[in-house]
Structure formats: C-alpha cells, structure tokens
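# Reading the structure
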Amino acid sequence: MNLLFVTPELAPWVKTGGLGDVAGALPGAIKALGVDIRVLLPAYPELLRKFPEAKEVALPSWPDGLLPLPSLKLATTADGIPLYLLDYASYYDREGNPYLGPDGEDWTDNHLRFALLSRVAAWLGSTSNTLDWQADIVHCNDWQTGLTPAYLNYLPGSRAKSLITVHNLAFQGLFEHIVMPRLDLPESAWQINGVEYHGKLSFLKAGLQFADAITTVSPSYAREIQTDEEGMGLAGLLRLHSDKLTGVLNGIDTTTWDPAADPHLPFHYSARNLDGKAANKADLQRQLGLAVRQDIPLLAVVSRLTEQKGLDLLLELGAKLMQLPAQLAILGTGSAALEQGFSALAQAFPGQCAVKIGFDEALAHRIEAGADVFLMPSRFEPCGLNQMYSLRYGTPPVVRATGGLADTVVDAADKKLGNGFVFGPATAAALLEALQRATQAWQQPKTWRRLQKQGMTQDWSWDNAARRYVELYRSLLSK
Ligand code: ADP
C-alpha cells in the first residue's frame, strides 16, 4: 500500500498546534505496520535548512492550469520517513508561522498556497505523476489539504482514494468566490454538492464532500460535530456523510514525551519512582519566579489562549484561584484580552502566579513535569494532546467533559480508573468546584499517587490509532 500523508505542518520543525504533533508522530507508527508512507508538505525555510541535502525529484505539471508549477524535493527524516518538500519559493519561503504574516493576519494568498499543496497531493495520487511511486491512498489533514479530494474527483484515469482527518472543525478555509478561477477546479464544482458553502468557497467542505472517508480525532468529537450546537455550520453535511465518518483517538509521541528520558527536564522520573517530580517542580518555580514551595499545588496551563480553550473561565476566577490555595503557571499566546488578563493576575500575585507569553517547547515540557495539576477547561476539544502529556507526566488534568478530553480523562470519583478531574458546564463555578476537588485530593498523598500512576501507566502511544487508520485504508482499497 502506497500512502501519501499530506499536511501543512510537521513537528518538531513547523508546528502551531496539535496537527503538527500528529504529523510528526503518526507516520512513524503507520510505517511500523509495513505501509509505504510518504509525507508531503510545503518546503518552508525551516525544512530547507533542516534538510539541505533534499534533492529535486519531480516537476509536477498540469497543462492549461493557472496554478504555478512547483518542484518536488525529496528528503528523509531520521526515522526513515520520506518527505516530499513542495518547493515554490514565492509561496512558502516565508519565515515564522505557516499561515500568518508578521502582522498576525492570514497571508492574503493562503488560498493559492494551500490549493497548490492540495493539487500536488492529487498529482501524486494520479497517473500524471512522473515519479516511480504513486499513492494509492492520500491522507489529508484539515482545510489546508481539503481541495485534494476535489482535485482527485475531477482528474481522469485511475487515482488514489482519499481520507481527510478533521483536527479542528473551527478552521474551515473560507474564501470569496472570486478566487475560484485561479484554483484549477471546474466551474461545475461551484455548487452545494461541491465546494460552495453559503456563497463562499470552503476548502474544508470540499474535503468532506469529496473524500472517500472522513475521520476526526476522537470518538466523542465525531459525535459532537454532527450536532447543530457543535457542528460549526457543517453538522448537516456531516450527518449526511455519517456512514464515512469515524473518530480515531490520537496518540502522543511517547519518545518525545517521556518523563524518564525527556532531554528538556533537569530531573527524570517514572511511575515507579516519582522522586524527580518534586525536584522538577522546585526548578520550575525558580525559573518562573514563583515561591519555591512544596506545600501547595502548582496548577498549570500550556495552551493557545483562545475562547475555545475556556481560559476566560479561569481568568474569571482570578483571586479565588489564589485562595485555593495554589500557585498558577501559564504558558501561551493568543487573544490580547487573555494575554493581558493573565499578565495582570501575575502582577497582582507575584510569586504565586507566573505568566509567560510566547511559544516555548522546552518550557512546555518542564511545565508538564513540574506542575501538579494541568488545566484544560476547553469549550470544545477535538482530541487535545496536552491532557495526555499530563497523564503521562504524573500531572493529573482537570478537564471539561468534551471531545477527546471526555475520551481520555476519567474522574477521580472512579476509584479504579480515575486519572484526573472532569466537570460539565462551561462555567467558572463548575471549574472552581473541580479545582477544589483536585487541590483537596492533592493533599492526600495516597489518593494522589493512585491517580498519578493510573495516568502514567496507560498506553497513550500511537499504536492503536495507527492500526485503526491502516484498517480504514484497507477498507477503502477493497471498495
Ligand atoms: P491545539 O491543537 O488545539 O492547539 P492540542 O492540545 O491538541 O491543542 O495541542 C497543542 C500542542 O501545542 C501541544 O503540543 C502543546 O504543548 C503545544 N503548545 C500550545 N501552546 C504552546 C506554547 N505557548 N508553547 C509551547 N507549546 C505549546
């Protein structure tokens, strides 16, 4: 089976969120099952620097098209995964965030940048492909790759089957109709059963409409997005296609996220010997300018600071949090209101609350290890990775019962399977109640050890998900 995995980001080099992590880890787990998997993504400057030996292997072309003609370079990761780097400098040779310019706004040509990525993915799954390798299956990820199934649909001859994974339904890739002629889609694609969405062009809808299979990143989220409340305007379409929609729970990269070997940690520890965790906590407290105290729990957040993540509920609690009593550490970037609100809280409670605005991979690891309790009060959460990192790092999470959080965290009320704390309503009061339960449980070392060990010894690896995906690919090929 030849599988092309097409993605707009790839950890550790280009990552804005969970999709980057997935792309960095899932292909390796799929390869381990004997699939010939190759990854396609734009040749961002980080990647050209990382793989200077990448060689040009093809010049994809489509006669009479308006999309520009790029070149494909081939590199291989340390794990032996072939990477096709889509090189078209005027689209992708831009430093920083893959979607946003230095002004924090979307690049104005994102429709072209990601149509080209989608077009090349379809080319690799078609007989126009000039390489000696043709994809049987194209696995697309999020709106940036959503046009791939549409291009495949309109190509002649034998072509790959496609599967699209929705990592977050909130991002849909919506553009004005006026861009349509530049994208090399037939005008007939502009219809309700095509790429048109309420008078706009929707890359994600195109993917959902034309893919042979749709997956999303947890079973709960697969159910939730088919409801009008949580379907972000696409619930009807998803219900219509429910026979090709499945939820496959993400895993985590258990090599990168391993408290017994994590190179970012000053002290290593494991479920068997948790001693190093307290030392990490003291070190983190020092690094963040918090009082070095082992007698109160350290609560932590590593997140995009957005409404999705429910962090406004945490901010609303403000001083009440400080009375729990507990310390609070926050690492994140995002909305100005949340950045300013949390920074003000840190100023009001020096030594007890610390806020770092920015994206800092090393600090994220140290927080997972040094904190006692991890907070994810998300309004919706397709899967969420941080709660799994926390579980593996012996940092029981407090989560709202939604999406992948509901599928991975079991409330401490379950004496056997409990690994964290779960609350229902998206309100500050419900969050506070869960935090009170967590901080009280933390004061009981035996209860706490049990919770920690439960999360640390569960299997969060990608193996299960990889097996599920391979079953799905096989079923598509047999159709
Ligand atoms: P989402 O994809 O919605 O942002 P996830 O929990 O699925 O949420 O994945 C977020 C990923 O991004 C995690 O690996 C998390 O550690 C990382 N992350 C988010 N914000 C930051 C930050 N400010 N610094 C470092 N890592 C971050």
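Check the entry above for the structure.
Here goes a summary of the coordinates provided.

### Overview of the overall build of the protein chain
Within the protein chain one finds 18 helices and 18 strands. Taking 2.2 N^0.38 as the reference for a compact globule, 479 residues should give roughly 23 Å; the C-alpha atoms of the protein chain span a radius of gyration of 23 Å, in line with that estimate. For the protein chain, the spread of C-alpha atoms along the three principal axes comes to 70 × 45 × 45 Å. Here the protein chain holds 479 residues, and 59% of them are scored as buried. Sequence separation of at least 24 residues holds for 69% of the intrachain contacts in the protein chain that already meet a minimum separation of 6. Accessible area of the protein chain: about 18600 Å², with a carbon and sulfur share of 52%. With 42 positive and 50 negative side-chain charges, the protein chain shows a separation of 6 Å between the mean positions of the two kinds.

### A short note on the site of the ligand
Around the ligand sit 19 residues, and of these Gly18, Asp21, Arg304, Lys309 and Gly358 come closest. Contact between the ligand and Lys309: an oxygen atom at 2.8 Å from a side-chain N or O atom of the residue. Protein coverage of the free-state accessible area of the ligand, which is 560 Å², stands at 94%. Breaking the shell around the ligand down by element, the ones donating at least two residues are helix H1 (18-31), strand E13 (298-305), strand E14 (327-334) and helix H14 (386-392). When residues of the shell around the ligand are assigned to their parent elements, the largest contribution, three residues, is made by E13. Counted by class, the shell around the ligand contains six nonpolar, seven polar and six charged residues.

### Some details on the side chain of Gln209
As for its position among the elements, Gln209 is in helix H6 (residues 203-210). Of the residues examined, Gln209 reaches a relative accessible area of 14% and is grouped as buried. Here Asn193 takes part through its backbone oxygen, which lies 3.3 Å from a polar atom of the side chain of Gln209. With residues up to four places along the chain from it excluded, the contact list for Gln209 reads Ile192, Asn193, Gly194, Leu237, His241 and Lys244.

### What about the packing of aromatic side chains?
Under the criterion given, the structure shown has 14 aromatic pairs. Here the aromatic rings of Trp257 and Tyr393 are separated by 5.9 Å at their centres, their planes lie at 70°, and the arrangement is edge-to-face. Of this pair, Trp257 sits in the loop between strand E12 (245-247) and helix H9 (275-288) while Tyr393 is found in the loop between H14 and strand E17 (397-400), placing the two residues 136 residues apart along the sequence. Under the relative-accessibility criterion, Trp257 is labelled buried at 3%. Taking 6.4 Å as the distance between ring centres and 20° as the angle between the ring planes, the aromatic pair formed by Tyr469 and Tyr473 counts as stacked. In this pair, Tyr469 and Tyr473 both sit in helix H18 (residues 463-478), four residues apart, roughly one turn of the helix. Of the two residues, Tyr469 and Tyr473, neither departs from the other in class, the shared state being buried. One aromatic cluster is present, built from ring pairs that chain together Tyr99, Phe114, Trp143, Phe175 and Phe203.

### Some details on the sheet that holds E12
Spatially, nine strands are ordered E3-E4-E5-E2-E1-E6-E7-E11-E12 in an open sheet, and the strand pairing comes out mixed. Two strands lie at the open edges of the sheet, namely strand E3 (55-58) and E12, each paired on one side alone. Taking the axes of each pair of neighbouring strands and ignoring which way they run, one obtains an average angle of 30° across the sheet. Two elements, E3 and strand E4 (residues 71-76), share three bridges in a ladder whose sense is antiparallel. Residue pairing across strands places Ala58 opposite Leu72, the latter belonging to E4. Most of the contacts of H18 go to strand E7 (residues 161-166), to which it runs at about 145°, and overall it touches strand E1 (2-6), strand E6 (137-141), E7, strand E11 (213-216) and E12.

### Quick notes on the packing of H1 against H18
Two elements in contact, H1 and H18, have axes whose closest approach is 9 Å; the angle formed by their N-to-C orientations is 70°. By the angle between their directions, the pair H1 and H18 is classed as roughly perpendicular. Crossing of H1 against H18: the hand is right-handed. Touching Leu26, Ala29 and Ile30 of H1 are Ala466, Tyr469, Val470 and Tyr473, all from H18.

### Quick word on the sheet that holds strand E8 (residues 174-176)
Ordered by their spatial adjacency, three strands build an open sheet running E8-E10-E9, and the pairing between neighbours is antiparallel. Because the sheet does not close on itself, it has two edges, and the strands there are E8 and strand E9 (196-197). Inspection of the sheet shows E9 paired to strand E10 (residues 200-202) by two bridges, in the antiparallel sense. Note that in E10 the partner of Glu196 across the bridge is Leu201. Strands E8, E9 and E10 of the sheet are contacted by H6, whose axis makes an angle of about 55° with E10.

### A closer look at the pairing of E17
Judged by which residues are buried, E17 turns out to be covered on both faces: Pro397 and Val399 on one side and Val398 and Arg400 on the other are all buried. Direction of pairing for strand E16 (residues 373-376) relative to E17: parallel, over a ladder of three bridges. Considered in E17, the bridge of Leu375 is made with Val398. For the handedness criterion, the β-α-β arrangement of E16, H14 and E17 is classed as right-handed.

Criteria and thresholds
- Residues numbered from 1 in each chain as written.
- Predicted model: local features only at pLDDT ≥ 70, side-chain atom pairs only at ≥ 80, totals over all residues.
- Heavy atoms only, no water.
- Helix = DSSP H or I, 4+ residues; strand = E, 2+ residues; numbered from the N terminus.
- Rg over C-alpha atoms; globule rule 2.2 N^0.38 Å.
- Buried < 20%, exposed > 50% of the residue type's maximum accessible area, 1.4 Å probe, protein only.
- Contact = heavy atoms within 4.5 Å.
- Areas by Shrake-Rupley, 256 points an atom, 1.4 Å probe, with all protein chains shown as cover.
- Lys, Arg positive; Asp, Glu negative; His and termini not counted.
- Charge placed at Lys NZ, Arg CZ, Asp CG, Glu CD.
- Near = heavy atom within 4 Å.
- Polar contact = N/O pair within 3.5 Å; in protein donor to acceptor, adjacent residues only side chain to side chain.
- Nonpolar A, V, L, I, M, F, W, Y, C, P; charged D, E, K, R; others polar.
- Phe/Tyr/Trp six-rings, centres within 6.5 Å; stacked < 30°, edge-to-face > 60°.
- Pairing = 2+ DSSP bridges.
- Axes fitted to C-alpha atoms, helices over the stretch in contact; angles between N-to-C directions.
- Parallel < 35°, antiparallel > 145°, perpendicular 65-115°, else oblique.
- Left-handed = near helix turned anticlockwise from the far one by under 90°.
- Right-handed = clockwise from strand over helix to strand, strands pointing away.

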